[in-house]
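# Secondary and tertiary structure notes
Listed below are the residues making up each chain.
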Amino acid sequence: MNRKSLLKGPMARARWSRLIAKCIDIGLVTVGAICYYPMGLILGIIYLCISDSLYDGQSIGKRFMGFGVISLIDGSPCSAWQSLIRNLPFTVPLFFLVFPFWGWIFSAVFALPLAAMEVYFLFRGDTAHRLGDIMADTTVIANDGTRLDLRKTKSPWFDTPPVPLQ
């Protein structure tokens, strides 16, 4: 199958939506860090560590975008340990921002390459797993609006459970 035709379809939209969901989560941490430095940053890092284990595998950004994280081991929602491992590429550089000057330099040096690797794996991999998914044996699933059983429930979009992306 031609990769370019695959990227024009639903998979490309899902990848961009996942990126937006992560940006929402990091944006929340950034607002807290700027307003309440350093305690806001510490609380934001703790949030990122456990965020994917909240709401049956949905962080605030994923819940807003309609995604959830499940374990590839047994199909259950992401555990707190898997969420910690899965978000290490973001939390480790953020942790060093707590320490002025040298921590900021260290964070800048490592945050950009790690974020670039995350985006590279997300958009160039066949399975759309980012580096954190590979490390934690997790995958992201999405709501499927075309499924008849989901449309018949007439529940609010925010309460609809995630459905695996095929």
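For the structure, check the block above.
Residues numbered from 1 in each chain as written. Predicted model: local features only at pLDDT ≥ 70, side-chain atom pairs only at ≥ 80, totals over all residues. Heavy atoms only, no water.

## Here's the deal with the overall build of the protein chain
For clarity, the threshold we go by: Elements are defined by DSSP. Helices are runs of H or I of four residues or more, strands are runs of E of two residues or more, and each kind is numbered from the N terminus. Each residue gets one of three labels from its accessible area relative to the maximum for its type: buried under 20%, exposed over 50%, partly exposed in between, using a 1.4 Å probe on protein chains only. Throughout, a contact is declared for two residues whenever any of their heavy atoms are within 4.5 Å. To measure how exposed things are, a 1.4 Å probe is used in the Shrake-Rupley method; for residues, cover is taken only from the protein chains shown.
Summing up its helical and strand segments, the protein chain has nine helices and two strands in all. Starting at the N terminus and walking to the C terminus, you meet the elements of the protein chain as α-α-α-α-β-α-α-α-α-β-α. Here the protein chain holds 166 residues, and the buried ones make up 39% of them. In the protein chain, once contacts between residues fewer than 6 apart in sequence are set aside, the share between residues at least 24 apart is 61%. Total accessible area computed for the protein chain in this model is approximately 9900 Å², and 73% of it derives from carbon and sulfur atoms.

## Some remarks on helix H2 (residues 10–35)
Using the following cut-off: The span you would expect from a helix comes to 1.5 Å times its residue count less one.
Helix length check: H2, at 26 residues, gives a terminal C-alpha distance of 37 Å against a target of 38 Å (1.5 Å per residue), a fit within 8%. Every buried residue belonging to H2 is among Met-11, Ala-12, Ala-14, Arg-15, Ser-17, Arg-18, Ala-21, Lys-22, Asp-25, Val-29, Gly-32 and Ala-33, and all of these are buried.

## Some remarks on the packing of H2 against helix H7 (residues 102–124)
When two helices pack together, their arrangement is given by the angle between their axes and by how far apart the axes lie. Convention followed: Only the stretch in contact is used when fitting a helix axis, every axis being a line fitted to C-alpha atoms; angles between N-to-C directions are given from 0 to 180 degrees. If an angle is under 35 degrees, it is roughly parallel; if it is over 145, roughly antiparallel; if it lies from 65 to 115, roughly perpendicular; otherwise it is oblique. In a left-handed crossing the near helix is turned counterclockwise from the far helix by less than a right angle, and in a right-handed crossing that turn is clockwise. Gly is put with the polar residues, along with every residue not named as nonpolar or charged; the nonpolar set is Ala, Val, Leu, Ile, Met, Phe, Trp, Tyr, Cys and Pro, and the charged set is Asp, Glu, Lys and Arg.
The N-to-C vectors of H2 and H7 enclose an angle of 155°; their axes lie 10 Å apart at closest approach. Classified by the angle between their axes, H2 and H7 sit roughly antiparallel to one another. In the crossing of H2 with H7, the sense of the turn from one axis to the other is right-handed. Contact with H2, carried on its side by Arg-15, Trp-16, Arg-18 and Leu-19, involves Val-119, Leu-122 and Phe-123 of H7 and no other residues of that element. Each residue belonging to the contact of H2 with H7 can be placed in one class, and the counts come to five nonpolar, no polar and two charged.

## So, a nonpolar patch on the surface
Selection rule: Only residues whose relative accessible area exceeds 30% and that form no salt bridge are eligible for patches; like-charged ones are grouped when within 9 Å, while nonpolar side chains (Val, Leu, Ile, Met, Phe, Trp, Tyr) are grouped when within 5 Å. For salt bridges, the criterion is a side-chain nitrogen of Lys or Arg within 4 Å of an Asp or Glu carboxyl oxygen.
Taken together, the side chains of Phe-101, Trp-102, Ile-105, Phe-106, Val-109 and Phe-110 define a hydrophobic patch exposed on the protein surface, amounting to about 630 Å² of accessible area. Tracing the backbone through its elements, the reader meets Val-109 in helix H7. Accessibility expressed as a relative area gives 48% for Val-109, which makes it partly exposed.

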